[in-house]
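Architecture at a glance
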Amino acid sequence: MVVVDVSWLLSVSTLGIYLHSIFVSITLGLPLVIAPMLYKWWRTKDEDYYRAAKVATGVLAVNFALGVITGTLVEFGLVQAWSGSIFVIATYAFAPLAIELGAFIGEVVLLILFIVTLKRVRPSLSLGVLLGYIVFAVFSGMLITGVNSWLQVPWGTGEVASVLYPFLPSYGPQVTDVQALVKVKLALLNNLLAGTPPSMILQNSTVAQSVGITLKEPFVALSSPYALASMLHNVTAGMTIGASIGVLGFAFQYLKTGSFVYRKLLRAVLPVLLLLLIVQPVVFGDFMGKMVAAYQPTKFAMIEGIHQTTQNPLIAFLAYGDPAKPIVGFDAFRNASSKLNGTSLGDVASTVIPGVDSGKASTIDLGGLGASDLSKAEARIELLNPAYYVKIASGVIALISVVALTALLYRAGPISRLTNTIIRPLGERRAVLIFALLMLIGSVFAAVIGWYVREAGRKPWTVYGLVYPEEIVTPVQIEPAVLGGFALLFTAVSLVGIYGMYIVSTKPSRFTDLLRRSVAEEK
């Protein structure tokens, strides 16, 4: 089989997604800082809350623009780099992405409305508009996550993946035309075996006509329980990071100025963040872990470091709800795949499509294919297992930090007394900054490493159990220097954007002056 090196493209794609996620997190989380400010302003008439909301709104506006810029770069970049993904975009992802466009328009309209009417309408009305914006932003994030979740667990393909890899479960209802899916897979493999870029066949009208309609239920990607767990887990993780950035800003100003105004602002935001940091890892994280155990057995074995099937009552209880259930390892996966030794892809294809010409792909032995792919997945255990537990530890640090910060700023009985005793040598302001910083670092590490585990854990496939990265990569040869240029562009745009948000948050008057000068020069 032809070996295609996609490592450079994977690296640049990952960098772009990570940088874009910075702005997405702020888009989701900063409104959770602004909303308590507006509520307090509404109920107390205290202008300190209004001023804080105004500055945070300026940061949100700059961040939103940067999110649009980086999002456009990433989306176009992904489609161009992984041109074979157009098949997924035109089928399983079509309905979610079409709805997401509507959600994005809702975000834009309500954000602009909120900005231009702030202090021109009643605080309660501004709060209502902001909450509407949050709903659209969350909905947009959930839809995008739903599409990514289909790549992780191809819901709606029924038993197809388990025919190739007997250790995989069924993926929901069979709403895919199996004959069409087999035709696409054979076309991709035969082009790969012939040394022709496989994704090119998807641009061939003759191939498209021979394949026909693939999907019968356009919304199936959103009906997956794995997608629901991912939506809740990932979107709230982004909210946590965005809100933690706002809290760190207040904590920094509290240390720098000593003003109790910032202590007051922190007290307004902390309940929201405390709730997020309890629900996100404990409730949604547990739901996510159970879905991985149920639908991605190789990923689960990778993150738990299970080479050989074993008993572990604690992990089994957390993953399956049954402490007596064994944790299945790669030995069991190999045994299952070995039952297909001597069965060729051509044999399977001819049972689905009688008389089909499977080409060179017909000789692929499914037992050997399974063994080869399992070896590639198992080789990642030494990386993914510790990464997963670093992620868990990071989340614990974030949770402990927000509890300590809340105990420090609120009277919470023995917890507050204990916290005050521990931090006494530091002083309250330094302790507030340290806890806020640890909370942000813990949240960021948990999310960044968690996303790495999520993506690396579905390898060697791009669509779990069905499609490899080599089958959908662009046929255009891209030089490493060009990819390096894109990486620099992504990084430069992101750094300039972060600096711009820093200026808006720390020197709002200077930012306003810059805007005025810019407008004056244009006139």
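This report concerns the structure included in the present document. (Residues numbered from 1 in each chain as written. Predicted model: local features only at pLDDT ≥ 70, side-chain atom pairs only at ≥ 80, totals over all residues. Heavy atoms only, no water.)

So, about helix H11 (residues 260-295). Relative to the 52 Å expected for 36 residues at 1.5 Å per residue, H11 spans 50 Å between its end C-alpha atoms, a close match to the ideal helical length. Along H11, the sharpest change in direction is near 35 degrees and occurs at Gly285. Between a side-chain oxygen at the N-terminus of H11 and the backbone nitrogen of Val261 the separation is 3.1 Å; the capping residue is Ser259. (Helix = DSSP H or I, 4+ residues; strand = E, 2+ residues; numbered from the N terminus. Expected span 1.5 Å × (residues − 1). Bend = angle between axes of the 7 residues up to and from the residue. Polar contact = N/O pair within 3.5 Å; in protein donor to acceptor, adjacent residues only side chain to side chain.)

Think of a pair of aromatic rings as described by two things: how far the centres are apart, and how the planes are tilted against each other in angle. This model, assessed by the stated rule, comprises 15 aromatic pairs. An angle of 40 degrees between the planes, with centres 5.0 Å apart, marks the rings of Phe167 and Phe333 as tilted. In this pair, Phe167 sits in the loop between helix H7 (160-164) and strand E2 (171-174) while Phe333 sits in helix H14 (residues 330-338), placing the two residues 166 residues apart along the sequence. When its relative accessible area of 13% is taken as the criterion, Phe167 is described as buried. In this arrangement the basic side chain of Lys264 is found over the ring face of Tyr49, its NZ or CZ atom lying 5.3 Å from the centre. The ring of Tyr410 carries the charged tip of Arg267 above its face, separated from the ring centre by 4.2 Å. (Phe/Tyr/Trp six-rings, centres within 6.5 Å; stacked < 30°, edge-to-face > 60°. Buried < 20%, exposed > 50% of the residue type's maximum accessible area, 1.4 Å probe, protein only. Lys NZ or Arg CZ within 6 Å of the ring centre and 35° of its normal.)

Take a nonpolar patch on the surface next. A contiguous nonpolar patch, built from Val476, Ile478, Val482, Phe486 and Leu489 and spanning about 410 Å² of accessible area, is present on the exposed surface. Relative to the helices and strands, Ile478 resides in the loop between helix H20 (469-472) and helix H21 (480-506). A relative accessible area of 32% means that Ile478 is categorised as partly exposed. (Patch = residues over 30% accessible without salt bridge, like charges linked within 9 Å, V, L, I, M, F, W, Y side chains within 5 Å. Areas by Shrake-Rupley, 256 points an atom, 1.4 Å probe, with all protein chains shown as cover. Salt bridge = Lys/Arg side-chain N within 4 Å of Asp/Glu carboxyl O.)

The next subject is the side chain of Lys459. For Lys459, the location among the structural elements is in the loop between helix H19 (428-456) and H20. Despite its burial, Lys459 pairs with no opposite charge; the closest candidate is Glu455, at 5.1 Å N-O. There is a polar contact of 3.5 Å between the side chain of Lys459 and the backbone oxygen of Glu455. The contact partners of Lys459, leaving out residues within four places of it in the chain, are Met302, Ala377, Arg380 and Pro469. (Lys, Arg positive; Asp, Glu negative; His and termini not counted. Contact = heavy atoms within 4.5 Å.)

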